[in-house]
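Structural description and commentary
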Amino acid sequence: MARIRDVEQGDKYRDKLGKILPGELTATYFLIRSLAGESPSLSPYLLLLAIVLCAVFFAVSPKLIELATVRNRILYCVTFVFWVAAIDNYRFAVDVLTAPAEQVTIIVFMTSGLAAIWSFFVPHVMDQRS
């Protein structure tokens, strides 16, 4: 039987964090990212792919990993988007946002910071199954 990923009554912070980490999606994204290589022309498509993966995952997650609560499915998908932005922050800043060189470092720092803050915050707002 698959592990239930919705938060249960009595789950500690560590348990909640483990349930919301988007491991399945991140592994899929890394596979496709490695196939894309460092080609700047593929960066917008990687971002689009991340959004499509979220939509597909949102639809199949109740059966795939028993993540049934709508709020938690949304949080899981948003967490994945934050992770993708943090993983490829330089690539997206330069290739997608076409940020000037002096702003790239700021964008990279802000993206990484927001992803870290989100990862610490999200377990506190997850719905609990009774």
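Below is a short write-up of the structure. Values in this document were obtained by computation on a predicted structure and should not be read as measured data.

Attention shifts here to the nonpolar core. One finds Phe 57, Leu 75, Tyr 76 and Phe 80 to be the most contacted residues of the largest nonpolar core, which totals 22 residues. For Leu 75, the contacting residues outside a window of four places in its chain are Ile 20, Trp 118, Val 122, Val 125 and Met 126.

Glancing now at the packing of helix H3 (residues 43-64) against helix H5 (residues 89-96). Geometrically, a packed helix pair is captured by the angle between its two axes and the distance between the axes. Running from N to C, H3 and H5 point in directions that differ by 120°, and their axes come no closer than 9 Å. Relative to H5, the element H3 is oriented oblique. Judged by the sense of rotation from one axis to the other, the crossing of H3 with H5 is left-handed. Seen from H3, the contacting residues are Ser 43, Pro 44, Leu 46 and Leu 47; seen from H5, they are Arg 91, Phe 92, Asp 95 and Val 96. Here the residues of the contact of H3 with H5 are counted per class, giving 5 nonpolar, 1 polar and 2 charged.

Moving on: helix H4 (residues 70-87). The α-helix winds at 3.6 residues per turn, so residues separated by three or four positions along the chain end up facing the same way. The end-to-end C-alpha separation of H4 is 26 Å, in line with the 26 Å expected for 18 residues at 1.5 Å each. Taken together, the buried positions of H4 are Asn 72, Arg 73, Leu 75, Tyr 76, Cys 77, Thr 79, Phe 80 and Val 84. On its buried side, H4 packs onto strand S1 (7-8), helix H1 (13-20), helix H2 (23-36), H3, H5 and helix H6 (101-121).

For the rest of this paragraph, the subject is the packing of aromatic side chains. For the coordinates displayed, the defined rule picks out 4 aromatic pairs. For the pair Phe 57 and Tyr 76, a centre-to-centre distance of 4.7 Å together with 20° between the ring planes defines the contact as stacked. Taken together, the positions of Phe 57 in helix H3 and Tyr 76 in helix H4 put the pair 19 residues apart, joining distant regions of the chain. By relative accessible area, Phe 57 is classed as buried at 3%. Considering the side-chain rings of Phe 82 and Trp 118, the 5.2 Å spacing of their centres and the 25° angle between planes classify their relative orientation as stacked.

So, about the pattern of salt bridges. In total, this model carries 1 salt bridge according to the counting rule given. Between Arg 33 and Asp 88 there is a salt bridge, with its nearest N and O atoms 2.5 Å apart. Of this pair, Arg 33 sits in helix H2 while Asp 88 sits in the loop between H4 and H5, placing them 55 residues apart in sequence. Residue class for Arg 33 comes out partly exposed when judged on its relative accessible area of 24%. The buried category is assigned to Asp 88, whose relative accessible area is 2%.

Okay, H1 next. Of all the residues in H1, the buried ones are Lys 16, Lys 19 and Ile 20. All buried residues of H1 fall inside an arc of 90° around its axis, so they share one side.

On the surface, a nonpolar cluster with roughly 630 Å² of combined accessible area is contributed by Leu 42, Tyr 45, Leu 48, Val 52, Val 56, Val 60 and Leu 64. Positionally, Val 60 belongs in helix H3.

What counts and what doesn't
- Starting afresh in each chain, residues are numbered from 1 along the sequence in its written order.
- For a predicted model such as this one, the threshold for reporting local features is a pLDDT of at least 70, and the threshold for listing and counting side-chain atom pairs is 80 or more; totals across whole chains, interfaces and linings nevertheless cover every residue.
- Side-chain metrics in this entry use all non-hydrogen atoms of the structure; hydrogen atoms and water are not considered.
- Only buried residues count toward a nonpolar core, which is a set of Ala, Val, Leu, Ile, Met, Phe, Trp, Tyr and Cys residues joined through side-chain atoms within 4.5 Å.
- Three labels apply to residues, based on accessible area from a 1.4 Å probe with only protein chains included: buried if under 20% of the type maximum, exposed if over 50%, partly exposed otherwise in between.
- Working rule for contacts: check all heavy atoms of both residues, and any pair within 4.5 Å makes them a contact.
- Axis lines are fitted to C-alpha atoms, over the contacting stretch for helices. Their N-to-C directions set the angle, which ranges from 0 to 180 degrees.
- The helix and strand labels rest on DSSP assignments: H or I over at least four residues marks a helix, E over at least two residues marks a strand, and numbering proceeds from the N terminus.
- Throughout this description, any angle smaller than 35 degrees is read as roughly parallel, any larger than 145 degrees as roughly antiparallel, any in the 65 to 115 degree range as roughly perpendicular, and the remainder as oblique.
- Two helices cross in a left-handed way if the nearer one is turned anticlockwise from the farther one by less than a right angle. They cross in a right-handed way if the turn is clockwise.
- Any residue that is not Ala, Val, Leu, Ile, Met, Phe, Trp, Tyr, Cys, Pro, Asp, Glu, Lys or Arg is counted as polar, Gly included; the first ten are nonpolar and the last four charged.
- What a helix should span is 1.5 Å times the count of its residues minus one.
- Ring pairs are drawn from Phe, Tyr and Trp, using the six-membered ring of Trp, whenever the two centres fall within 6.5 Å, and their geometry is named by plane angle: stacked under 30 degrees, edge-to-face over 60, tilted for the rest.
- We define a salt bridge as a side-chain nitrogen of Lys or Arg found within 4 Å of a carboxyl oxygen belonging to Asp or Glu.
- By construction, the arc corresponds to the directions joining the helix axis to the C-beta atoms.
- Only residues above 30% relative accessible area that lack a salt bridge enter a patch, with like-charged residues linked at up to 9 Å and the nonpolar side chains Val, Leu, Ile, Met, Phe, Trp and Tyr linked at up to 5 Å.
- Here the open area of atoms and residues is found with the Shrake-Rupley method and a 1.4 Å probe, where only the protein chains shown may cover a residue.

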